[in-house]
Amino acid sequence: MSLIWIPLLPLLGTLVPLLTSRFGRNVCAFSVAVLPSVSMVLALLTAPSVLQGETIQYHAKWLSSLGLDIAFRMDGLSLLFCGLILGIGLLVILYARYYLSSNDSIGRFYAYLILFMTAMLGIVLSNNVIQLWMFWELTSISSFLLISFWSHKSDARKGARMALTVTGAGGLALLAGLLLMGHLVGSYNLDDILNSGDLLRDHQAYPFVLFLVLLGAFTKSAQFPFQFWLPHAMAAPTPVSAYLHSATMVKAGIFLMARFYPVLSGTELWFIVVSMTGLATLLFGAYMALFKHDLKGLLAYSTISHLGLITLLFGMNTQLAAVAAVFHIINHATFKASLFMAAGIIDHESGSRDMRKLNGLWKYMPHTAALAMVAALSMAGVPLLNGFLSKEMFFAETLDQDTLGSLSWMIPVLATIGGVFSVAYSLRFIHDVFFNGEPIDLPKTPKEPPRYVKIPVEILVGLCLLVGIFPTYIVSGILAAASSAVLNGELPEYSLAIWHGVNLPLLMSCLAMAGGLIVYYNRRHLFQFQAQFEDQDAKFIFERWVQRLVNRCAQFIEYIDNSSLQRYIVIMMVMALIFMAGPLLDLKHTEGARQLLELNGVVLTGAVLLSMGAVATVIWHRDRLMALLMLSVVGLVVAIAFAYFSAPDLALTQLAVEIVTIILLLLALFFLPQKLPKESSPKRITRDIAIALLIGGVVGTINFAIMTRAPDTISNYYLENSKTGGGGDNVVNVILVDFRGFDTLGEITVLGIAALGIFKLIAAMRLYMPSSDETGRTWSLDRRPLILSVISQSLLPLALLVSAYIFLRGHNAPGGGFIAGLITSVAIIQQYIANGVEWVKPRITMSYQWMIAGGILIAGLTGGGSWMFDRPFLTSWFDHFHLPIVGDFELASAILFDLGVYLTVVGATMLILANLGQLTTSERIPSEQH
Amino acid sequence: MEAVYAFCVGLLTACGVFLTLRGRTFSVVIGITLLSYAVNLFLFSSGRLKLAAAAVLNSTGDYTDPLPQALVLTAIVIGFAMTAFVVILAMRGRADLGNDHVDGRIPSEESALHRHRGYKS
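A. Fine view of the overall build of chain A. A count of helical and extended segments in chain A gives 40 helices and four strands. In chain A, of all internal contacts separated by at least 6 residues, the share reaching a separation of at least 24 is 78%. With an accessible surface of roughly 40,300 Å², chain A has 67% of that area assigned to carbon and sulfur atoms.

Right, dumping it as structure tokens:
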């Protein structure tokens, strides 16, 4: 039977209560218990070999290349925890059936509970640390759901949020720690990590790993100073407290320390940090527990104190201490779970958890009282009960360590003081609740609960007694197996006997008992002393801190994200500047070794024109028409530059685009303010000029550095294969439609998308139509100039002929689909300008959207056509033909592709300009009316 | 000649960056156009400058690098589409929001400036 079923069955079980809750609470409770029981049996079946010291493995490959596999392992420690999780879990399922009222959605509760059970099983069984972490987070989430089960209560919501925040934050630290650990070891597999203890401990990153992992463990196990969430998690239903906050979730942190004990412990740092944290938690929890009037509050602080005790044991540098820690994990789980259950029964039957009201319950519920008293005495560490045994071992170990060097004697003294308070609060639990006079105005008259609900308590209390009296028969096997897993196989000599003779630990126990009695007897003085302190509610402090953090974040976000485009662009530009300029600082010589071209008058004239145009654009940028005219000067010079530097295709394209762009911008100006007020402050202008000049300087420098170095080009391939492979002389065009046809297909698609986006933007635009220019002159309503319209009409066929010529020759001479498309567009736009929309509209009836779609389709189908000949997408074909009059000519499939490009360019350009132009005329009025 | 070319690219970049940092949409559009000129020239020059050596196969055998040209050609066309998109967006923004500021509202720094100069906002 495979290990994976042990956590998988409960995971499937989360669905069971949701399906069966409609059949009543009894059916629901029993059906829920089935799958975890099977898991329990499966776990127990592995016990014989695990107790022999074997480790059972399950491994399934998942993303092995990332170190992520589904891996489980069962060793002694896992078996111990599986027993606790499933055993106490089953008891809690039974108990919750009684505890939850009929108003509560029992199906939802059980689903959360089983989900939590799955998560805990996942943690203790995982053999991959990332997987372990995932289950770890799952416990945080499912415990959040459980604590906030009564979500109508503010306490429950706040407590749940606090628990989630603290344990979640710890979880993130743990993730960082585990990733670091996996990185150092080179594997996320737990087996590999456990065998790399020396490597990790000697690595300089060890303190970080330790700190991060311990942060995860301490937050989960409510160690000082993260203990504050646990008392507030008591807002959960009591079955949840009994399960999560005694036996399982808070033990997850302890489990983590035990799991990584072989790799992380053994250094000064570990002993100091872990033992001091544990000691502080032990004392703080024990002291605070005495003053809580709420039964569950007392138990919560007592839990904190016992978790501190276990942590302290792990932090002491003896192997026996680790054994004692494991032993106390078992004992604490049994007596604390039963105490929580008893507290829940008392709450349920009397309607209160306040120890100032609860008195003398012995008379009303003697059976429950007896059970609770036994468990409480075990908590106090009274002989013949399991708590005594592990506490005795604890005292013995405090005497046997040298963690603090010459100050090590302090630990046993402080441990005894912790023991004193532990006895005192246990006494208070017993005396205040069951004796001490009569109940004071309780909402209900207390009575014994139904018989079956005491069964889980009886089982647990029975275990306390059995372990306490016959330790060797009951626990020695599992204790040895779990301890040897913690100690990586080395097990020290120890004896589990009740009586070790009169020795120091026994004396310490006696001192604790006597001290506890005295403290409890004089408790009024202590209570008065404690009352002097301001009672601070951790909830409010926590909320305040969270609020402060949120405000800080909001401020920071407000600073970097103030929805100002100018701010964003500045940040972006400055970042670009930093990244661009950095490498330039390392470049020794700006100028490379390449032979440079001679400067001549033509270039100089062009450069002067371009510079003047650019600078004038900036100077007149608030007078928009002027700026536009200057911009067109720059564009024209750029086109000439392309022509001059051997790029005729670019020159033609740039020229055509320039015309289209300027027409577009002129149209847009009609709807935008003509002039602008001065609005930037001098400071901002100076800053922007500085940024602009710096970036310009850096870009110019890079450009110069590139141009003066010899090229390392891949273009020779294109030059050599253009004729033979693509059938064309114009290499630029062959690259566009053949070699890199896929790129071009993508680009015309983008063009089409942009045009359609613009079409949608225009369609829903509610523009106001200026009736005059900014000086108050109204628009001229004159007819269009006759000569212009006549000439442009007669030019149209000629222009279309030119564009057809440019298109056809494109494969062998400058031209092609892009350029021909732009020329056609310009010719059509000219008709719009010269004759008006109302004249053009009935004459050009084709839909530009269809043209775009058709163009992209033709280009795509041409590409797909090569599949029919078993060639890759966009493979081109060409051949030479001979016709009588025409003579020799060449046909290439690339020309079809180019036709697609042509159609898309025409469609996109016209869709943009025609629709925009239409807005300025009376033609748009009908479209506004509907 | 390369130095003059690089100077022009740098100048265009500087002018473009300055204008994209302005607060009104039309200036930003013009700035983007200038920047795209600069970018196209920059990309083009990565094939190095060469006179009278168009990449059209002929008997001379001396050609400039055709690859940057092919890339820049599509960049010019796409640059037009993008400019058009931004322009229309600017118009739509003004139509829907009632002003032509890039943020859709006149920020407080400027209204402070207005107050400083005695404007009433």
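B. Looking closely at the interface of chain B and chain A. Contact residues are listed per partner, giving 83 residues for chain B and 112 residues for chain A. Taken together, the two surfaces of chain B and chain A that pack against each other cover about 9,000 Å², and 74% of this comes from carbon and sulfur. A per-residue breakdown of the area chain B buries against chain A is headed by Met1, Phe26 and Phe80 of chain B, which together make up 9% of the total. Our count for the contact surface shared by chain B and chain A stands at three salt bridges. The closest approach of N and O atoms between Asp688 of chain A and Arg22 of chain B, which form a salt bridge, is 2.1 Å. The tally of links between chain B and chain A comes to 22 residue pairs in polar contact (both at pLDDT 80 or more). Contributing elements (two or more residues each) for the side of chain B that touches chain A: α1 (2-20), α2 (25-45), α3 (66-97) and α4 (108-116) of chain B. If one sorts the elements of the side of chain B that touches chain A by residue count, α3 of chain B sits on top with 24 residues.

C. Inspection of the pattern of salt bridges at higher detail. All told, the structure shown has 23 salt bridges over all chains when counted by the stated rule. Of the charged contacts, one joins Glu543 of chain A and Arg161 of chain A as a salt bridge, the two residues approaching to 3.2 Å between their closest N and O atoms. Of this pair, Glu543 of chain A sits in helix α26 (residues 538-560) while Arg161 of chain A sits in helix α7 (residues 154-185), and the two are 382 residues apart along the sequence. Exposure remark for Arg161 of chain A: the relative accessible area of 41% places this residue in the partly exposed category. Arg594 of chain A is the salt-bridge partner of Glu2 of chain B, the closest N and O atoms lying 3.7 Å from each other. Of this pair, Glu2 of chain B sits in helix α1 while Arg594 of chain A sits in the loop between α27 (565-586) and α28 (601-619), each in a different chain. Three or more residues joined by partner-sharing salt bridges are found here, namely Arg73, Asp75, Asp191 and Arg259 of chain A.

D. The arrangement of the packing of aromatic side chains in detail. Evaluation of the coordinates by the stated rule reveals 29 aromatic pairs over all chains. Ring plane angle 75 degrees and centroid distance 5.0 Å describe the contact between Phe81 of chain A and Phe255 of chain A, whose orientation is recorded as edge-to-face. Linking Phe81 of chain A in helix α4 (residues 76-99) with Phe255 of chain A in helix α13 (residues 249-259), this pair joins segments that are 174 residues apart in sequence. The pair formed by Phe81 of chain A and Phe255 of chain A is uniform in burial state, with each residue classed as buried. Plain terms: the ring middles of Phe642 of chain A and Phe44 of chain B are 5.2 Å apart, the flat faces sit at 80 degrees to each other, and that makes the pair edge-to-face. Remark: Phe44 of chain B occurs in helix α2 and Phe642 of chain A occurs in helix α29 (residues 624-644); the pair is interchain, linking two chains. Exposure class is identical for Phe642 of chain A and Phe44 of chain B. Each is buried. The structure contains a cluster of three or more aromatic residues connected by ring pairs, namely Tyr287, Phe291, Phe421 and Phe527 of chain A. A cation over a ring is seen here: Arg523 of chain A above Tyr520 of chain A, with NZ or CZ 4.1 Å from the ring centre. Above the plane of the ring of Trp545 of chain A lies Arg548 of chain A, whose end atom (NZ or CZ) is 4.9 Å from the centre.

E. Up close: the pairing of strand β1 (residues 56-63) of chain A. Residue and element names in this part refer to chain A. The pairing of β1 with strand β2 (residues 68-74) spans seven bridges and is antiparallel. Of the residues in β2, the one forming a bridge with Ala60 is Ile70. The antiparallel hairpin formed by β1 and β2 contains four residues in its connecting segment, where Gly67 sits at a positive phi of about 80 degrees.

F. How the structure looks around empty space enclosed by the protein. For the coordinates displayed, the defined rule picks out five cavities of 30 Å³ or more. Looking at the largest cavity, its volume works out to about 110 Å³. Val657 of chain A together with Ser36, Tyr37, Ile76 and Phe80 of chain B are, among the 13 residues lining the largest cavity, the residues nearest its centre. For the lining of the largest cavity, the elements supplying multiple residues, two or more each, are α30 (648-669) of chain A together with α2 and α3 of chain B. Ranked by the residues each element gives to the lining of the largest cavity, the list is headed by α3 of chain B, at five residues. Of the residues in the lining of the largest cavity, the class split is five nonpolar, seven polar and one charged.

G. Main features of the confidence of the model for chain B. Residue and element names in this part refer to chain B. Residues at a pLDDT of 70 or more form 88% of chain B, whose mean pLDDT is 84. The least confident element of chain B, judged by mean pLDDT, is α4 at 50; the most confident is α1 at 94. Overall, residues 110-121 carries pLDDT values under 50, and its contacts beyond four positions in sequence, including any with other chains, amount to nine contacts. Scored as a whole, the predicted complex attains pTM 0.66, and scored at its interfaces, ipTM 0.90.

H. Molecular detail of the nonpolar core. Judged by nonpolar contacts, the single largest core of 187 residues is most densely connected at Tyr110, Trp229, Phe260, Leu264, Trp270 and Phe314 of chain A. Beyond its immediate chain neighbours, meaning those up to four positions away, Phe314 of chain A contacts Ile254, Ala258, Tyr261, Trp270, Val274, Ala322, Ala325 and Val486 of chain A. Formed by 128 residues, the second largest nonpolar core is a distinct cluster that contains Leu664 and Leu761 of chain A together with Cys15 and Ala38 of chain B.

I. Quick look at the side chain of Arg94 of chain B. Along the chain, Arg94 of chain B turns up in helix α3. Within the local environment of Arg94 of chain B, its side chain forms a polar contact with the backbone oxygen of Phe671 of chain A, the two atoms lying 2.7 Å apart.

J. Geometry of a nonpolar patch on the surface. All names here are of chain A. Taken together, the side chains of Leu384, Ile455, Ile459, Leu463, Leu465, Leu466, Ile469, Phe470, Tyr473 and Ile474 make up a nonpolar region of the molecular surface, amounting to roughly 870 Å² of accessible area. Going through the elements one at a time, α21 (454-469) and α22 (471-474) are the ones with two or more residues in the nonpolar patch. It is α21 that contributes the most residues to the nonpolar patch, six residues altogether.

K. Region of interest: the confidence of the model for chain A. In this model, chain A carries a mean pLDDT of 88, and residues with pLDDT of at least 70 account for 97%. pLDDT under 50 marks residues 923-930 of chain A. Its contacts with residues more than four places away, or in other chains, come to eleven contacts.

L. Local environment of the packing of helix α12 (residues 238-247) of chain A against helix α17 (residues 319-350) of chain A. Residue and element names in this part refer to chain A. One can describe the packing of α12 onto α17 by two numbers: an axis separation of 9 Å at closest approach and a directional angle of 160 degrees. Compared by their axis directions, α12 and α17 come out roughly antiparallel. As for the relative orientation of α12 and α17, their crossing is right-handed in sense. Contacts from Thr238, Ser241, Ala242, His245, Ser246 and Ala247 of α12 reach α17 at His332, Ala333, Lys336, Ala337, Phe340, Met341 and Gly344. Of the residues contributing to the contact of α12 with α17, the split by class is six nonpolar, six polar and one charged.

M. Broad picture of α12 of chain A. When you tally the buried positions in α12 of chain A, you get ten out of ten residues, the bulk of the element. Of all the positions in α12 of chain A, only Thr238, Pro239, Val240, Ser241, Ala242, Tyr243, Leu244, His245, Ser246 and Ala247 of chain A are classed as buried.

N. Inspection of the environment of Thr64 of chain B at higher detail. Mapped onto the fold, Thr64 of chain B is located in the loop between α2 and α3. In the structure, Thr64 of chain B is positioned twelve residues away from Ala52 of chain B in sequence and 8.6 Å away in space, judged by C-alpha atoms. If sequence neighbours within four positions are ignored, Thr64 of chain B has contacts with Ser646 of chain A together with Gly47, Arg48, Lys50, Ala53, Ala54, Ala55 and Gln69 of chain B.

O. Fine view of the side chain of Ser722 of chain A. The residue Ser722 of chain A is located in helix α32 (residues 715-726) in this model. Here Ser722 of chain A is in contact with Gly727, Gly728, Asp729, Val731, Val734 and Phe739 of chain A together with Leu57 of chain B, once residues within four sequence places are set aside.

P. Main features of unusual backbone geometry. That bond from Phe224 of chain A to Pro225 of chain A is cis: its omega, 5 degrees, falls within 30 degrees of zero. Along the chain, the position of Pro225 of chain A falls in the loop between α10 (206-220) and α11 (229-232). Look at Ala222 of chain A: it is not a glycine, yet its phi comes out positive at around 55 degrees. Relative to the assigned elements, Ala222 of chain A resides in the loop between α10 and α11. At Ala52 of chain B, a residue that is not glycine, the phi angle is positive and equals roughly 50 degrees. Of note, Ala52 of chain B is situated in the loop between α2 and α3. On the basis of relative accessibility, which here comes to 77%, the residue Ala52 of chain B falls in the exposed class.

Each value, and the rule that gives it
Residues numbered from 1 in each chain as written. Chains lettered and ligands numbered in written order. Predicted model: local features only at pLDDT ≥ 70, side-chain atom pairs only at ≥ 80, totals over all residues. Heavy atoms only, no water. Helix = DSSP H or I, 4+ residues; strand = E, 2+ residues; numbered from the N terminus. Contact = heavy atoms within 4.5 Å. Areas by Shrake-Rupley, 256 points an atom, 1.4 Å probe, with all protein chains shown as cover. Buried area = accessible area lost by both parts, 1.4 Å probe. Salt bridge = Lys/Arg side-chain N within 4 Å of Asp/Glu carboxyl O. Polar contact = N/O pair within 3.5 Å; in protein donor to acceptor, adjacent residues only side chain to side chain. Buried < 20%, exposed > 50% of the residue type's maximum accessible area, 1.4 Å probe, protein only. Phe/Tyr/Trp six-rings, centres within 6.5 Å; stacked < 30°, edge-to-face > 60°. Lys NZ or Arg CZ within 6 Å of the ring centre and 35° of its normal. Pairing = 2+ DSSP bridges. 1 Å grid on protein atoms, 1.4 Å probe; cavity = no way out; pocket = protein on both sides within 12 Å on 5 of 7 lines; lining within 4 Å. Points joined across faces, edges and corners; volume = space filled by probe spheres on them. Nonpolar A, V, L, I, M, F, W, Y, C, P; charged D, E, K, R; others polar. pLDDT = per-residue confidence, 0-100. Core = buried A, V, L, I, M, F, W, Y, C linked by side-chain atoms within 4.5 Å. Patch = residues over 30% accessible without salt bridge, like charges linked within 9 Å, V, L, I, M, F, W, Y side chains within 5 Å. Axes fitted to C-alpha atoms, helices over the stretch in contact; angles between N-to-C directions. Parallel < 35°, antiparallel > 145°, perpendicular 65-115°, else oblique. Left-handed = near helix turned anticlockwise from the far one by under 90°.

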